[in-house]
Amino acid sequence: MEVRRSVAELGARTYAIQLLTDAGIPFLVGGAYAFAHYTGLYRDTKDLDLFLHRKDGDRAVEMLARHEWRTESEVHGWLHKAFWEDFLVDLIYGSGNGFTAVDDAWFEHAVPAQVLGCPCRVPPAEEIFWSKAFVLERERFDGHELTHLLLKAGPTFDWQRLLRRFDRYWEVLLSHLLFFRFAYPSDRATVPEWLMRELLSRANGSVDAGNWQERICRGRILSKVSYQVDVDEWGFQDGHSWDREERQREADSVASGEAPGLHGPH
């Protein structure tokens, strides 16, 4: 039971869920509510996070506006915002890094839940882990949530699917799994042995390969602000822009029938 938020604010969140449900707009309840569903841990949250396909996010913000919600569209390029008085609902369809966006798999593997007394669905634990793993800002790092999520939901993870999600970013996955092993040495077996050996084998291969020729700062994928100095003053190429171009080239190659690269450029 929530005790830090007013009845009016919880009512606004319930109202938003009911409006989208009645309108037949597919959505998933994420954020603190999804985390609580998987772990039993509730953290106070200043807003309600709803995850939608882009087209459904557009429909949702238009529908809420018709019901007298104040709305803001295309905030940061990956979400809409809706306000009932001062109470906020985020309608999230993309991501700041540009690739952990909402796609069909979020809905195909979604899980039924009860949120604020309403029947709904929450995102798959794997997609929550995948999307949060790339948020390493000075003011926002959810590492403890990732380790808690692994502890509580890891035994049911589709690890093959999660590995495919990380693909060219497998080092980020390995980093978080090592944090988990450090935090919970008695629960290391939660992560399959085959996965750890696969990732450590890739790490060994990258050691053998040595430095890249190009001076690229991929830290920009994890935090644009914190790694801005690397681009502005230290002569590094912007790894965020570089990665976006690489992903586009890879997509074009696949579309033309060429085989995709193995685990990215390592």
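Criteria and thresholds
For every chain, the first residue of the written sequence is number 1, and numbering continues from 1 onward in sequence order. Under the rules for a predicted model, residues below a pLDDT of 70 receive no local features and side-chain atom pairs below 80 are neither given nor counted, while totals for whole chains, interfaces and linings still include all residues. Heavy atoms from the whole structure form the basis of all side-chain values; hydrogens and water molecules are not counted. Only DSSP runs of H or I covering at least 4 residues are called helices, and only runs of E covering at least 2 are called strands; the numbering of each starts at the N terminus. In this description the radius of gyration comes from C-alpha coordinates, and the expected globular size is given by 2.2 Å times residues to the power 0.38. Throughout, exposure labels follow a simple rule: accessible area from a 1.4 Å probe, protein chains only, divided by the maximum for the residue type, with under 20% read as buried, over 50% as exposed, and the rest as partly exposed. Residues are treated as being in contact if the distance between any of their heavy atoms lies within 4.5 Å. In this description, accessible areas are obtained by the Shrake-Rupley approach with a 1.4 Å probe, and a residue is regarded as covered only by the protein chains that are shown. Counted charges follow a simple rule, with Lys and Arg positive, Asp and Glu negative, and His plus the chain ends left uncounted. All charge positions are set by atom: Lys at NZ, Arg at CZ, Asp at CG, Glu at CD. Criterion used throughout: strands pair if DSSP finds at least two bridges between them. Patch definition: residues with relative accessible area over 30% and no salt bridge; like charges joined within 9 Å; nonpolar side chains (Val, Leu, Ile, Met, Phe, Trp, Tyr) joined within 5 Å. Salt bridges are defined as contacts in which a side-chain nitrogen from Lys or Arg sits within 4 Å of a carboxyl oxygen from Asp or Glu. Cavity and pocket criteria rest on a 1 Å grid covering protein atoms alone: a 1.4 Å probe that fits but cannot get out defines a cavity, protein on both sides within 12 Å along at least 5 of 7 lines defines an open pocket, and an atom within 4 Å of a point defines a lining residue. Grid points are joined across faces, edges and corners, and a volume is the space filled by probe spheres set on the points. Residues are grouped as follows: nonpolar covers Ala, Val, Leu, Ile, Met, Phe, Trp, Tyr, Cys and Pro; charged covers Asp, Glu, Lys and Arg; every other residue, Gly included, is treated as polar.

### Some thoughts on the overall build of the chain
If you tally the helices and strands in the chain, you get eleven helices and nine strands. A compact globule built from 266 residues would reach a C-alpha radius of gyration of about 18 Å, and the chain, at 20 Å, matches this within 12%. Here the C-alpha coordinates of the chain stretch approximately 60 × 40 × 40 Å along the principal axes. Scored against the burial criterion, the 266 residues of the chain give a buried share of 47%. Long-range contacts, defined as pairs at least 24 residues apart, comprise 60% of the intrachain contacts of the chain with a sequence gap of at least 6. Here the chain displays about 14000 Å² of accessible surface, and carbon together with sulfur accounts for 52% of that area. Averaging the coordinates of the 31 positive side-chain charges in the chain and doing the same for the 42 negative ones gives two points 3 Å apart.

### Things to note about the pairing of strand E5 (residues 87-92)
With six of its six residues buried, E5 lies for the most part within the structure. Because side chains alternate across E5, one face comprises the buried residues Phe87, Val89 and Leu91, and the other comprises Leu88, Asp90 and Ile92, equally buried. In this sheet, E5 lies alongside strand E2 (residues 47-51) in parallel orientation, the contact comprising five bridges. In the sheet register, Leu50 faces E5, and the bridge partner there is Leu91. Direction of pairing for strand E4 (residues 79-84) relative to E5: antiparallel, over a ladder of six bridges. Paired with His80 across the bridge in E5 is Leu91. The antiparallel hairpin formed by E4 and E5 contains two residues in its connecting segment, where Glu85 sits at a positive phi of about 55°.

### Remarks on the pairing of strand E3 (residues 70-75)
Alignment of E3 against E4, held across four bridges, turns out to be antiparallel. When the bridges of E4 are listed, Glu72 appears paired with Lys81. Taken together, E3 and the strand that follows it, E4, pair antiparallel across an intervening segment of three residues, in which His76 is found at a positive phi of about 60°.

### What about unusual backbone geometry?
Positive phi outside glycine occurs at Glu74, with the angle close to 55°. By relative accessible area, Glu74 is classed as partly exposed at 37%. Positive phi is not limited to glycine here, since Asp167 has a value of about 45°. Along the chain, Asp167 falls in the loop between helix H7 (159-166) and helix H8 (170-183).

### Let's talk about a nonpolar patch on the surface
Residues Leu136, Phe141 and Phe179 make up a contiguous nonpolar surface patch of roughly 270 Å² in combined accessible area. Within the secondary structure, Leu136 is located in the loop between helix H5 (125-132) and helix H6 (143-153).

### Structural notes on the layout of surface pockets
Computed from the structure, the largest pocket encloses a volume of approximately 1100 Å³. Surrounding the largest pocket, 42 residues form its lining, Trp78, Ile92, Gly96, Val135 and Arg140 being those nearest its centre. Of all the secondary structure elements, the ones that give two or more residues to the lining of the largest pocket are helix H2 (31-39), E2, E4, E5 and H5. Size it by volume and the second largest pocket reaches roughly 270 Å³. Every residue lining the second largest pocket is listed: Phe99, Trp130, Arg164, Arg165, Asp167, Arg168, Tyr169, Arg247 and Glu250. Tallied by class, residues from the lining of the second largest pocket come to three nonpolar, no polar and six charged.

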